[in-house]
Amino acid sequence: MTDVAAAKAQARRAVRARLTSLAPERWSAASAAVCERVIALPEFEKAAVVMAYSPLPGEVDVLGVVRACGERGKRVALPRVDWESGSMVAAEVPAGGLDGLATGRFGVVEPGADAVAIDPALIGLVLVPGVAFDTRGGRLGRGKGFYDRFLAGLPAHSAGRALKVGVAIEEQIVDDVPMDKWDIRLDAVITDRRLLRVIRDDSERTA
């Protein structure tokens, strides 16, 4: 195991231990607050296509954002994973709800095989879950690399394309996420208490 891999494993253990003590009510209230902040983003208002996700335990529930997309006539995509190839696509689901989803490997709920894959160039906003985040857009995932490979293929937000936003509760923010060279930094991180926009020189701005 490399030094970075060991540091990632230690960070995952520390954050997960912190999260296990949180009551369900904390997650529910925090998720609602995060959704409100996402919906308030100008990039959300502009986006014709929003990529959300079906939350696993220990992840912010973003169903409120999905419902808001339905109310505003936006298209919604969720991740669909191909475990054999190690790839992930954005597959369209009915806006406003998560009906008709399939349960994939390890209990991950995702669009079925008949759901249409969306051209990444059309996505205006991507909500990215994770175990931990830092204020410079660093993200620590579950270790499979699906999101990093997917995000690497998206047009840059600086080119007027998808804003890559990490969503978390405040307890998931750490001082520094250990990162490999292939890990993708996000454009912003939203928690239940703040919005952190990442400046190009990796400094931070709070709003």
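**A look at the overall build of the protein chain**
Line of reasoning, step 1. A count of helices and strands for the protein chain gives 5 helices and 12 strands.
Line of reasoning, step 2. Among the 207 residues that make up the protein chain, the fraction classed as buried is 50%.
Line of reasoning, step 3. Across the protein chain, contacts joining residues at least 24 apart in sequence account for 69% of those joining residues at least 6 apart.
Line of reasoning, step 4. For the protein chain, the exposed area adds up to about 10,000 Å²; of that, 52% sits on carbon and sulfur atoms.

**Re the pattern of salt bridges**
Line of reasoning, step 1. Within this structure, the stated rule accounts for 14 salt bridges.
Line of reasoning, step 2. Of the charged contacts, one joins Arg26 and Asp192 as a salt bridge, the two residues approaching to 2.9 Å between their closest N and O atoms. Of the two residues, Arg26 sits in helix 2 (residues 24-40) while Asp192 sits in the loop between strand 10 (188-190) and strand 11 (195-198), which places them 166 residues apart along the sequence.
Line of reasoning, step 3. Given a relative accessible area of 12%, Asp192 falls into the buried group.
Line of reasoning, step 4. The partner of Glu170 in a salt bridge is Arg194, and the shortest N-O contact between them spans 2.6 Å. In this pair, Glu170 sits in the loop between strand 9 (163-167) and strand 10 while Arg194 sits in the loop between strand 10 and strand 11, placing the two residues 24 residues apart along the sequence.
Line of reasoning, step 5. By relative accessible area, which is 15% here, Glu170 ends up buried.

**A word on the confidence of the model for the protein chain**
Line of reasoning, step 1. For the protein chain, per-residue confidence averages 87 on the pLDDT scale, and residues scoring 70 or more make up 90% of the total.
Line of reasoning, step 2. Below pLDDT 50 for its whole length, residues 201-207 participates in 18 contacts with residues either more than four positions away or in separate chains.

**Remarks on the packing of aromatic side chains**
Line of reasoning, step 1. Within this structure, the stated rule accounts for 0 aromatic pairs.
Line of reasoning, step 2. A cation over a ring is seen here: Lys74 above Phe44, with NZ or CZ 5.1 Å from the ring centre.
Line of reasoning, step 3. The ring of Phe146 has Arg149 sitting right over it, with the charged end atom 5.3 Å from the ring centre.

**Side note on helix 4 (residues 63-72)**
Think of an α-helix as turning once every 3.6 residues; residues three or four places apart then point the same way.
Line of reasoning, step 1. Restricting attention to buried positions, one finds in helix 4 the residues Val65, Val66, Ala68 and Cys69. Along helix 4, the residues classed as buried sweep out an arc of 160 degrees about the axis, all on the same side.
Line of reasoning, step 2. Residues of helix 4 that are buried sit in contact with helix 2, helix 3 (42-46), strand 1 (49-51), strand 2 (75-82) and strand 6 (125-128).

**A short note on the environment of Glu45**
Line of reasoning, step 1. Of note, Glu45 is situated in helix 3.
Line of reasoning, step 2. Residue class for Glu45 comes out exposed when judged on its relative accessible area of 53%.
Line of reasoning, step 3. Measuring from C-alpha to C-alpha, the distance between Glu45 and Arg72 comes to 8.7 Å, with 27 residues separating the pair along the chain.
Line of reasoning, step 4. With near-sequence residues (within four places) excluded, Glu45 lies in contact with Arg72 and Lys74.

**A short note on the environment of Arg193**
Line of reasoning, step 1. With respect to the secondary-structure elements, Arg193 resides in the loop between strand 10 and strand 11.
Line of reasoning, step 2. Between the alpha carbons of Arg193 and Ile169 there is a distance of 7.9 Å; along the sequence they are 24 residues apart.
Line of reasoning, step 3. In this view, Arg193 contacts Arg26, Arg37 and Glu170; residues no more than four positions away in its chain are not counted.

**Overview of helix 2**
Line of reasoning, step 1. Compared with the 24 Å implied by 1.5 Å per residue over 17 residues, the 25 Å span of helix 2 between its first and last C-alpha is a close match.
Line of reasoning, step 2. Those residues of helix 2 not exposed but buried are Trp27, Ala30, Ser31, Ala33, Val34, Cys35 and Val38.
Line of reasoning, step 3. Looking at the buried residues of helix 2, the elements they touch are helix 1 (3-19), helix 3, helix 4, strand 6, strand 9 and strand 10.

**Some thoughts on the packing of helix 2 against helix 4**
Line of reasoning, step 1. One can describe the packing of helix 2 onto helix 4 by two numbers: an axis separation of 9 Å at closest approach and a directional angle of 35 degrees. Handedness of the helix 2/helix 4 crossing: right-handed. Here Cys35, Val38 and Ile39 of helix 2 lie close against helix 4, whose contacting residues are Gly64, Val65, Ala68 and Arg72.
Line of reasoning, step 2. Grouping the amino acids of the contact of helix 2 with helix 4 by side-chain chemistry returns 5 nonpolar, 1 polar and 1 charged.

**Describing the nonpolar core**
Line of reasoning, step 1. Val38, Phe44, Ile123, Leu125, Leu127 and Val165 are the most contacted members of the largest nonpolar core, which totals 62 residues.
Line of reasoning, step 2. When residues of this core are assigned to their parent elements, the largest contribution, 5 residues, is made by helix 2.
Line of reasoning, step 3. Ignoring any residue separated from it by four or fewer positions in sequence, one finds Leu127 in contact with Val38, Met51, Ala52, Tyr53, Val62, Val65, Tyr147, Val165 and Val167.

About the cut-offs
Residues numbered from 1 in each chain as written. Predicted model: local features only at pLDDT ≥ 70, side-chain atom pairs only at ≥ 80, totals over all residues. Heavy atoms only, no water. Helix = DSSP H or I, 4+ residues; strand = E, 2+ residues; numbered from the N terminus. Buried < 20%, exposed > 50% of the residue type's maximum accessible area, 1.4 Å probe, protein only. Contact = heavy atoms within 4.5 Å. Areas by Shrake-Rupley, 256 points an atom, 1.4 Å probe, with all protein chains shown as cover. Salt bridge = Lys/Arg side-chain N within 4 Å of Asp/Glu carboxyl O. pLDDT = per-residue confidence, 0-100. Phe/Tyr/Trp six-rings, centres within 6.5 Å; stacked < 30°, edge-to-face > 60°. Lys NZ or Arg CZ within 6 Å of the ring centre and 35° of its normal. Arc of directions from axis to C-beta. Expected span 1.5 Å × (residues − 1). Axes fitted to C-alpha atoms, helices over the stretch in contact; angles between N-to-C directions. Left-handed = near helix turned anticlockwise from the far one by under 90°. Nonpolar A, V, L, I, M, F, W, Y, C, P; charged D, E, K, R; others polar. Core = buried A, V, L, I, M, F, W, Y, C linked by side-chain atoms within 4.5 Å.

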